[in-house]
Amino acid sequence: MRFELYRDAGGAWRWRLRATNGNVLADSAEGYARREDCEHGIALVKGSQAASVVDMTLKIA
């Protein structure tokens, strides 16, 4: 897998996480004005392996 850092058509910084087969697994939900902020977003995702999984199908809407 790899993180791709790029600029969108409006000039904002974005990232996406791509699997080895080329599929996009995740992407930034927002564009960032500064590259450093985009890189911080990548670091947050990289550090989220301890995040719990919540089955939302068990929640009442």
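Use the structure listed above.
Quick caveat: nothing in here was measured; it's all calculated off a predicted structure.

Undergrad: Residue-level account of the overall build of the protein, with values.
TA: A count of helical and extended segments in the protein gives one helix and three strands. Shown N-terminal to C-terminal, the secondary structure of the protein runs as helices and strands in the order β-β-β-α. Relative to the compact-globule value of 10 Å for 61 residues, the protein shows a C-alpha radius of gyration of 14 Å, a clear excess of over 25%. Taking all 61 residues of the protein together, the buried fraction comes to 20%. Within the protein, counting contacts between residues at least 6 apart in sequence, those at least 24 apart form 20% of the total.

Undergrad: Give a detailed account of the environment of Arg7, specifying residues and quantitative values.
TA: For Arg7, the location among the structural elements is in strand E1 (residues 2–7). For Arg7 and Cys38, which are 31 residues apart along the polypeptide, the C-alpha to C-alpha distance reads 10 Å. What Arg7 contacts, discounting residues up to four positions off in sequence, is Ala12 and Trp13. Within the structure, the side chain of Arg7 is placed 3.2 Å from the backbone oxygen of Gly11, a separation counted as a polar contact.

How each quantity is defined
Starting afresh in each chain, residues are numbered from 1 along the sequence in its written order. Thresholds applied to this predicted model are a pLDDT of at least 70 for local features of residues and 80 or more for the giving and counting of side-chain atom pairs; totals over whole chains, interfaces and linings are not thresholded and use all residues. Side-chain numbers here rest on the full set of heavy atoms in the structure, without hydrogens or water. Labels follow the DSSP assignment, with helices taken as runs of H or I lasting at least four residues and strands as runs of E lasting at least two, numbered in each case from the N terminus. The globule rule used for comparison is 2.2 Å times the number of residues to the exponent 0.38, while the radius of gyration itself is calculated over C-alpha atoms. Burial classes: relative accessible area under 20% of the type maximum marks a residue as buried, over 50% as exposed, and values in between as partly exposed (1.4 Å probe, protein chains only). Contacts between residues were defined by any pair of non-hydrogen atoms, one from each residue, lying within 4.5 Å. Think of a polar contact as two N or O atoms within 3.5 Å of one another; within protein, one of them needs to be a possible hydrogen donor and the other a possible acceptor, and neighboring residues in sequence only count if both atoms come from side chains.

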